[in-house]
Amino acid sequence: QVQLEESGGQLVQAGGSLRLSCVASGRTFRLENMAWFRQAPGKEREFVSAMTWNYNTYYSDSVKGLVIISRDNTKNTVHLQMNTLNPADTAVYYCACRSGDTLDSFRSYAYWGQGTQVTVSS
């Protein structure tokens, strides 16, 4: 069992930046593929970014060049640095781990955090 807790979401103006963090419980973090998804009201949960246990990174086309995923295995933490935010980025952002082979599908992940709200004002 892995517990995930996100933080860092807040209200920010368009053009601003945010850094989201996700802390994982347990001793297997260094072996886990970690990912960020987001879900806007009335929409399906959407893949944002993933980092594998061996530091390969993946980004959705919609955020490529605007976000950076990183991890600190000494602190069981994964971060999502988001830059040049716009109102379309408004969503609840979720951290996930323990994936199957498909890193960009929410159905592939076994464990989820509760989410952190990001709101971008115009």
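Presented here is a report on the structure given in the accompanying data block.

The tally for this structure, following the rule as stated, stands at 5 aromatic pairs. Aromatic side chains F37 and F47 sit 5.6 Å apart centroid to centroid with 70 degrees between the ring planes, which places their arrangement in the edge-to-face category. Taken together, the residues F37 in strand 4 (residues 34-39) and F47 in strand 5 (residues 46-51) connect sequence positions 10 residues apart. Across this residue pair, the class does not change: F37 and F47 are buried. Aromatic pair Y94 and W112: ring centres 6.3 Å apart, planes at 80 degrees, arrangement edge-to-face. With Y94 in strand 9 (residues 91-99) and W112 in strand 10 (residues 109-112), the pair connects residues that are 18 residues apart, well separated along the chain. An aromatic cluster of at least three residues, connected via ring pairs, comprises F37, F47, Y94, Y109 and W112. Across from the ring centre of F29, 4.6 Å away, lies the NZ or CZ of R71, which sits over that ring.

Empty space among the atoms can be located by rolling a probe the size of a water molecule over them. By the definition in use, this model includes 1 cavity of 30 Å³ or more. There is about 40 Å³ of room inside the largest cavity. Around the largest cavity sit R38, V63, L66, V67, M82, N83, L85, D89 and Y93, which together line it. Of the residues assigned to the lining of the largest cavity, the class counts are 6 nonpolar, 1 polar and 2 charged.

Take the sheet that holds strand 3 (residues 18-24) next. Backbone-to-backbone hydrogen bonds join strands into a sheet, with any given pair of strands oriented parallel or antiparallel. Within the open sheet, the 4 strands sit side by side as 1-3-8-7. Their pairing is antiparallel. The sheet is open, and its two edges are formed by strand 1 (4-7) and strand 7 (67-72), each paired on a single side. Recorded for the sheet is a direction-independent mean angle of 15 degrees between the axes of neighbouring strands. Here strand 3 pairs with strand 8 (residues 77-82) via 6 bridges, running antiparallel. Across the sheet, residue R19 finds its bridge partner in strand 8, namely Q81.

Thresholds applied
Residues numbered from 1 in each chain as written. Predicted model: local features only at pLDDT ≥ 70, side-chain atom pairs only at ≥ 80, totals over all residues. Heavy atoms only, no water. Phe/Tyr/Trp six-rings, centres within 6.5 Å; stacked < 30°, edge-to-face > 60°. Helix = DSSP H or I, 4+ residues; strand = E, 2+ residues; numbered from the N terminus. Buried < 20%, exposed > 50% of the residue type's maximum accessible area, 1.4 Å probe, protein only. Lys NZ or Arg CZ within 6 Å of the ring centre and 35° of its normal. 1 Å grid on protein atoms, 1.4 Å probe; cavity = no way out; pocket = protein on both sides within 12 Å on 5 of 7 lines; lining within 4 Å. Points joined across faces, edges and corners; volume = space filled by probe spheres on them. Nonpolar A, V, L, I, M, F, W, Y, C, P; charged D, E, K, R; others polar. Pairing = 2+ DSSP bridges. Axes fitted to C-alpha atoms, helices over the stretch in contact; angles between N-to-C directions.

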